[in-house]
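Secondary and tertiary structure notes
Each chain is listed here by its residues.
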Amino acid sequence: MASANCWRCLARPSRRLLFPATLLTPAASTASAFTTSATQLAKAPVKAAQKNPEAGLSRHVRSGKRLTLGKKKKRQADKSKPPASGERKAFRKRIQLSNDNALEVPGLSKLTAENIVDSSSVGQVIGLPPALVDQLRASEAFKPTQTWGLFRSPHTLIRQETVDLTKQLTDAVGKKETLRLVITGDRASGKSILGLQALATGFLNDWVVINIPEAQELTTAATEYSPIPNSEQFSQPVYTVKLFQAIYKANHAILSQHKVELDHMHLPISVNRGTTLAALANATKEPEFAWPVFQAFWKELLLPGRPPILFALDGLSHIMRISDYRSPAFELIHSHDLSLIRLFTDALGGKTQFANGAAILGVCTKGNSPILPSMEKALEQAKAAQDGLPIPPRDPFFAKYDERVFDALKGVKVLDTRGVSKQEARSLMEYWAASGILRMRVDEKNVSEKWTLAGSGILGEMERVALYDVRTST
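Throughout what follows, the structure given in this document is the object of discussion.

Cut-off values and rules
Residues numbered from 1 in each chain as written. Predicted model: local features only at pLDDT ≥ 70, side-chain atom pairs only at ≥ 80, totals over all residues. Heavy atoms only, no water. Helix = DSSP H or I, 4+ residues; strand = E, 2+ residues; numbered from the N terminus. Buried < 20%, exposed > 50% of the residue type's maximum accessible area, 1.4 Å probe, protein only. Areas by Shrake-Rupley, 256 points an atom, 1.4 Å probe, with all protein chains shown as cover. Pairing = 2+ DSSP bridges. Axes fitted to C-alpha atoms, helices over the stretch in contact; angles between N-to-C directions. Contact = heavy atoms within 4.5 Å. Phe/Tyr/Trp six-rings, centres within 6.5 Å; stacked < 30°, edge-to-face > 60°. Lys NZ or Arg CZ within 6 Å of the ring centre and 35° of its normal. Core = buried A, V, L, I, M, F, W, Y, C linked by side-chain atoms within 4.5 Å. Expected span 1.5 Å × (residues − 1). Parallel < 35°, antiparallel > 145°, perpendicular 65-115°, else oblique. Left-handed = near helix turned anticlockwise from the far one by under 90°. Nonpolar A, V, L, I, M, F, W, Y, C, P; charged D, E, K, R; others polar. Salt bridge = Lys/Arg side-chain N within 4 Å of Asp/Glu carboxyl O. Lys, Arg positive; Asp, Glu negative; His and termini not counted. Polar contact = N/O pair within 3.5 Å; in protein donor to acceptor, adjacent residues only side chain to side chain.

**Describing the overall build of the protein**
Of the regular secondary structure elements, the protein holds 20 helices and eleven strands. A burial count over the protein gives 43% of its 474 residues as buried. Of the accessible surface of the protein, which amounts to about 27600 Å², a share of 53% is contributed by carbon and sulfur atoms.

This is the structure we're talking about:
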């Protein structure tokens, strides 16, 4: 059926556009001319724009409201338990010394006081006895960055530098002299491992071993400090208590054999004659009494008839600069004005006399070492004097040399650590292969390849080249 309306009428403009809205009748505004629908009597709903005039504006120009460029997402609440105080640091510094998944290597000898100074032991991998492992763990000789956790039990490579170092230690203590030595070398060349082997030599020979594992903890304002009365020095009581506990755990057997001989009436705690040195080391748990008791303990160790002392510090460069601590006048404190560091630098510089022989060992670090021209020049002069070469003069155009650094390093011996030989590298790779860690044939070709890629036998680089896949998967 044809439409009654003309199709051209649909193309005509609407009356709503031709006439103003005020002239239109309600019927005309609500009904169309070509529809048969009933007129809607209800009022049209009020638009949202009439209720809120700002609804049509852009969302990002509304005054008093936050700019929202995307869809808001509700963040889910974290229902996990937050880590306790110190838990992250303990996890970061955890030490794992065994791995049950690794194969046990049979036929390896144990480390003793005799084979560690024997030249025939060079190039051999020797295991650490369990009692020695406990002492080294108590003194914090193991580092979290070392690969002890990849093997069944702790073993160490006896290299030529190890025999040279241990011979110097035993010869000096045997003559009741004081060996003042600084270990330097390239990054990842095994300086901390040499320090660990020196500590092992002290424990095996029944010396009193004192070790400061991270020197930067004493100078970066990470521990509490307080001024010492009637002195220009500052003590670090909390760290001193921690050091006391490490000395007690690591040297309990040897300290229990010696007793207190001096009168310590000035101490805030009661210390009688006849008390063992182990009891004196474990006498205080209060930080405010730690430094006076440590001074009394140090005086007892210097008496004739006491066991020799091995005093080691790792991170020597951190104590040869201005520390991050400040005095009550808000002036920066030199690291040598901190009491524990002053005790070590006096021993390293030759100011402290040891009647029973001692070894003062400073280990340099290259990973996070600050640039210190005074220390570099002092070690360069000490190395030249040791080799019988002309002593290089200071730079006359550099005016910021630290005389306290030169005094602390005056007359020290320097042990420069380099890469291992190919024979030592082969022994180490054979131990890795026997443990099930290294999956390749250990022959002359592979040993030369790893030794060359590691920068002529740098130990840390050899581990990176050969054990990279194992370390990334663990």
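**A word on the sheet that holds strand E11 (residues 413-417)**
Spatially, five strands are ordered E4-E7-E10-E3-E11 in an open sheet, and the strand pairing comes out parallel. Single-partner strands in this sheet number two, and they are strand E4 (208-212) and E11. Between one strand axis and the next, the sheet turns through 15° on average, direction left out of account. Sheet analysis places strand E3 (residues 178-185) next to strand E10 (residues 358-363), joined by six bridges and oriented parallel. Among the inter-strand pairings, Val182 is bridged to a residue of E10, identified as Gly362. This element, helix H15 (residues 373-387), spans E3 and E11 of the sheet and lies at about 100° to E11.

**Describing the packing of aromatic side chains**
This structure, assessed with the given rule, holds 13 aromatic pairs. Ring geometry for Tyr225 and Phe234: centres 6.0 Å apart, planes at 55°, overall tilted. Among the residues examined, Phe234 registers a relative accessible area of 8% and is labelled buried. Note that Arg94 overlies the ring of Phe91, its terminal NZ or CZ placed 4.2 Å from the centroid. One Lys or Arg, Arg394, reaches over the ring of Tyr401 and ends 5.7 Å from the middle of that ring.

**So, unusual backbone geometry**
Even without glycine at this site, Glu140 takes up a positive phi of about 60°. Structurally, Glu140 is set in the loop between helix H6 (130-138) and strand E2 (155-158). Positive phi outside glycine occurs at Ala221, with the angle close to 60°. Here Ala221 shows up in the loop between helix H9 (216-219) and strand E5 (226-227).

**Brief notes about the nonpolar core**
Formed by 60 residues in total, the largest nonpolar core has its most connected members in Leu255, Phe297, Leu301, Leu316, Met320, Met375 and Leu409. Counting residues per element, this core draws most heavily on helix H13 (residues 290-301), which supplies seven residues. Excluding anything up to four places from it in sequence, Phe297 contacts Phe244, Ile247, Leu255, Leu277, Leu280 and Ala281. Val122, Val163, Phe203 and Val209 belong to the second largest nonpolar core, which has 37 residues in total.

**Describing helix H8 (residues 191-204)**
For H8, spanning 14 residues, the distance from its first C-alpha to its last is 20 Å, which sits close to the expected 20 Å at 1.5 Å a residue. Of all 14 residues making up H8, eleven are buried, and the element is well covered by its neighbours. Lys191, Leu194, Gly195, Leu196, Gln197, Ala198, Leu199, Ala200, Thr201, Gly202 and Phe203 are the residues of H8 that are buried.

**Structural notes on the packing of helix H7 (residues 160-174) against H8**
Two packed helices can be described by the angle between their axes and the distance between those axes. At a minimum axis separation of 10 Å, H7 and H8 run at an interaxial angle of 40°. Judged on the interaxial angle alone, H8 and H7 are oblique. Of the two possible hands of crossing, H7 and H8 adopt the one that is right-handed. Residue-level inspection shows Glu161, Thr162, Leu165, Thr166, Leu169 and Thr170 of H7 in contact with H8, the latter providing Leu194, Gln197, Ala198 and Thr201. Grouping the constituent residues of the contact of H7 with H8 by class yields four nonpolar, five polar and one charged.

**Re the pattern of salt bridges**
Applying the stated criterion across every chain yields a total of 20 salt bridges. Across the pair Arg418 and Asp416 runs a salt bridge, and its minimum N-O distance is 2.9 Å. What you see here is one network of salt bridges that share partners, running through Lys93, Glu140, Glu217 and Lys242.

**Considering the side chain of Glu424**
Positionally, Glu424 belongs in helix H17 (residues 422-434). At 4.8 Å, Arg159 is the nearest oppositely charged side chain to Glu424, a buried residue that forms no salt bridge. At a separation of 3.2 Å, a polar atom in the side chain of Glu424 contacts the main-chain amide nitrogen of Ser421. Beyond its immediate chain neighbours, meaning those up to four positions away, Glu424 contacts Val122, Gly123, Leu157, Arg159 and Gln160.

**Digging into the packing of H17 against helix H18 (residues 444-453)**
Following both chains from N to C, one finds H17 and H18 inclined at 110°, their axes separated by 10 Å at the closest point. As the angle between them shows, H17 and H18 are arranged roughly perpendicular. Here H17 contributes Lys422, Ala425, Arg426 and Met429 to the contact with H18, which in turn contributes Glu444, Asn446, Val447, Ser448, Lys450 and Trp451. Residue composition of the contact of H17 with H18, by class: four nonpolar, two polar and four charged.

**Observations regarding H15**
Helix length check: H15, at 15 residues, gives a terminal C-alpha distance of 21 Å against a target of 21 Å (1.5 Å per residue), a fit within 8%. Listing the buried residues of H15 in full gives Ser374, Met375, Lys377, Ala378, Leu379, Gln381, Ala382 and Ala384. Looking at the buried positions of H15, the neighbouring elements they touch are E3, helix H16 (403-408) and E11. Just past H15, the residue Gly388 takes up positive phi, approximately 75°.

**As for the environment of Thr201**
Here Thr201 shows up in helix H8. A relative accessible area of 1% places Thr201 in the buried class. Spatially, the C-alpha atoms of Thr201 and Leu169 are 8.3 Å apart, while their sequence positions differ by 32 residues.

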